[in-house]
Amino acid sequence: MSKVTIKVLDNGGFRVTGDVDLIDAEGNKFPDKPAFTLCRCGLSKKLPYCDASHKGNFESCVRAEQVLND
């Protein structure tokens, strides 16, 4: 089983890779995919997946806090 990785894309969605189940609010499972991008802007016509509708309409560049070891 591969570790799940979620990458926050600049001005885009969340890129998900690894062995993960995507479940809706009622517990229904979406079809398995080896990798997919989840919409973060709410503009996609293929929710919960990103369809690139965000281009030119959404800006967000998130960075994790860097922790320095002393």
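Computed from a predicted model, the values in this text were never measured in an experiment.

Calculation criteria
- Residues numbered from 1 in each chain as written.
- Predicted model: local features only at pLDDT ≥ 70, side-chain atom pairs only at ≥ 80, totals over all residues.
- Heavy atoms only, no water.
- Salt bridge = Lys/Arg side-chain N within 4 Å of Asp/Glu carboxyl O.
- Helix = DSSP H or I, 4+ residues; strand = E, 2+ residues; numbered from the N terminus.
- Buried < 20%, exposed > 50% of the residue type's maximum accessible area, 1.4 Å probe, protein only.
- Phe/Tyr/Trp six-rings, centres within 6.5 Å; stacked < 30°, edge-to-face > 60°.
- Lys NZ or Arg CZ within 6 Å of the ring centre and 35° of its normal.

> Run through the pattern of salt bridges, naming residues and quoting values.
Evaluated as defined, the whole model comprises three salt bridges. With a closest N to O distance of 2.7 Å, Arg-63 and Asp-10 form a salt bridge. With Arg-63 in the segment after strand 3 (35–38) and Asp-10 in the loop between strand 1 (5–8) and strand 2 (14–17), the pair connects residues that are 53 residues apart, well separated along the chain. We classify Arg-63 as exposed; its relative accessible area is 58%. Exposure remark for Asp-10: the relative accessible area of 40% places this residue in the partly exposed category. A salt bridge links Lys-29 to Asp-32, with the shortest nitrogen-to-oxygen separation between them at 3.2 Å. Connected via shared salt-bridge partners are Asp-21, Lys-29 and Asp-32.

> Talk me through the packing of aromatic side chains; I want residue IDs and the actual numbers.
One pass over the structure, following the stated rule, counts two aromatic pairs. Ring geometry for Phe-30 and Tyr-49: centres 6.0 Å apart, planes at 80°, overall edge-to-face. Of this pair, Phe-30 sits in the loop between strand 2 and strand 3 while Tyr-49 sits in the segment after strand 3, and the two are 19 residues apart along the sequence. A relative accessible area of 24% places Phe-30 in the partly exposed class. Classification of Tyr-49 as buried rests on a relative accessible area of 13%. Seen from their ring centres, Phe-36 and Tyr-49 are 5.8 Å apart, and the 85° between their planes marks the pair as edge-to-face. Taken as a pair, Phe-36 in strand 3 and Tyr-49 in the segment after strand 3 lie far apart in primary sequence, 13 residues in all. Three or more aromatic residues joined by ring pairs make a cluster, and in this case those are Phe-30, Phe-36 and Tyr-49. Its end group placed over the ring of Tyr-49, Lys-33 keeps NZ or CZ at 4.0 Å from the ring centre.

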